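Notes for the structure review
If you want the building blocks of each chain, they are given just below.
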Amino acid sequence: MEFDFTRSVVPLVVIVAIAAVALTTVMTPSTVFMMVLPSMIVFSIVAFFFGMKHGEFRTSP
């Protein structure tokens, strides 16, 4: 199965969006959108980058 950028990023965005909305039931929305969501976005970008590089390393001969 070949992944392009869209197929890889859309599930990640959906997961972060669902998590942010779910957290608003536990914490105040201002806290979630000003503190938690930016850190979730940064972490997902870093994890996506490292995962992509690891996948490229594993597939190289």
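Keep in mind that what you see is a predicted model, and the values were worked out from it rather than measured. Sequence order as written defines residue numbering, which begins from 1 separately in each chain. Thresholds applied to this predicted model are a pLDDT of at least 70 for local features of residues and 80 or more for the giving and counting of side-chain atom pairs; totals over whole chains, interfaces and linings are not thresholded and use all residues. Side-chain numbers here rest on the full set of heavy atoms in the structure, without hydrogens or water.

Observations regarding a nonpolar patch on the surface
Condition: Here, patches come from residues exposed beyond 30% relative accessible area and free of salt bridges, joined within 9 Å for like charges and within 5 Å for nonpolar side chains (Val, Leu, Ile, Met, Phe, Trp, Tyr). The method behind every accessible area is Shrake-Rupley, applied with a 1.4 Å probe, and residues are considered shielded solely by the protein chains displayed. Any Lys or Arg side-chain nitrogen located within 4 Å of an Asp or Glu carboxyl oxygen qualifies as a salt bridge. Relative accessible area decides the class of each residue, using a 1.4 Å probe on protein chains only: under 20% of the type maximum gives buried, over 50% gives exposed, and in between gives partly exposed.
A grouping of Val42, Val46, Phe49, Phe50 and Met52 is seen on the molecular surface, where their side chains present a nonpolar patch of about 470 Å² in accessible area. Phe50 sits in the exposed class, given a relative accessible area of 54%.

Comments concerning the UniProt feature "transmembrane region" (unreviewed entry) in the chain
Note the cut-off: UniProt positions are given in the numbering used here, feature names are shortened, and annotations may be inferred rather than shown by experiment. Strands are runs of DSSP state E lasting at least two residues, helices are runs of H or I lasting at least four, and both sets are numbered from the N terminus onward.
Mapped onto the present numbering, the UniProt feature "transmembrane region" (unreviewed entry) falls on residues 9–26 and 32–52. Secondary structure over residues 9–26 splits into 83% helix and 0% strand, and the C-alpha atoms at its two ends are 26 Å apart. Spanning residues 32–52, this segment combines 100% helix with 0% strand, and its end C-alpha atoms are found 28 Å apart.

What to know about the environment of Ala17
Tracing the chain through its elements places Ala17 in helix α1 (residues 5–23). Among the residues examined, Ala17 registers a relative accessible area of 40% and is labelled partly exposed. On a C-alpha basis, the gap between Ala17 and Thr59 in space is 31 Å, while along the polypeptide they are 42 residues apart.

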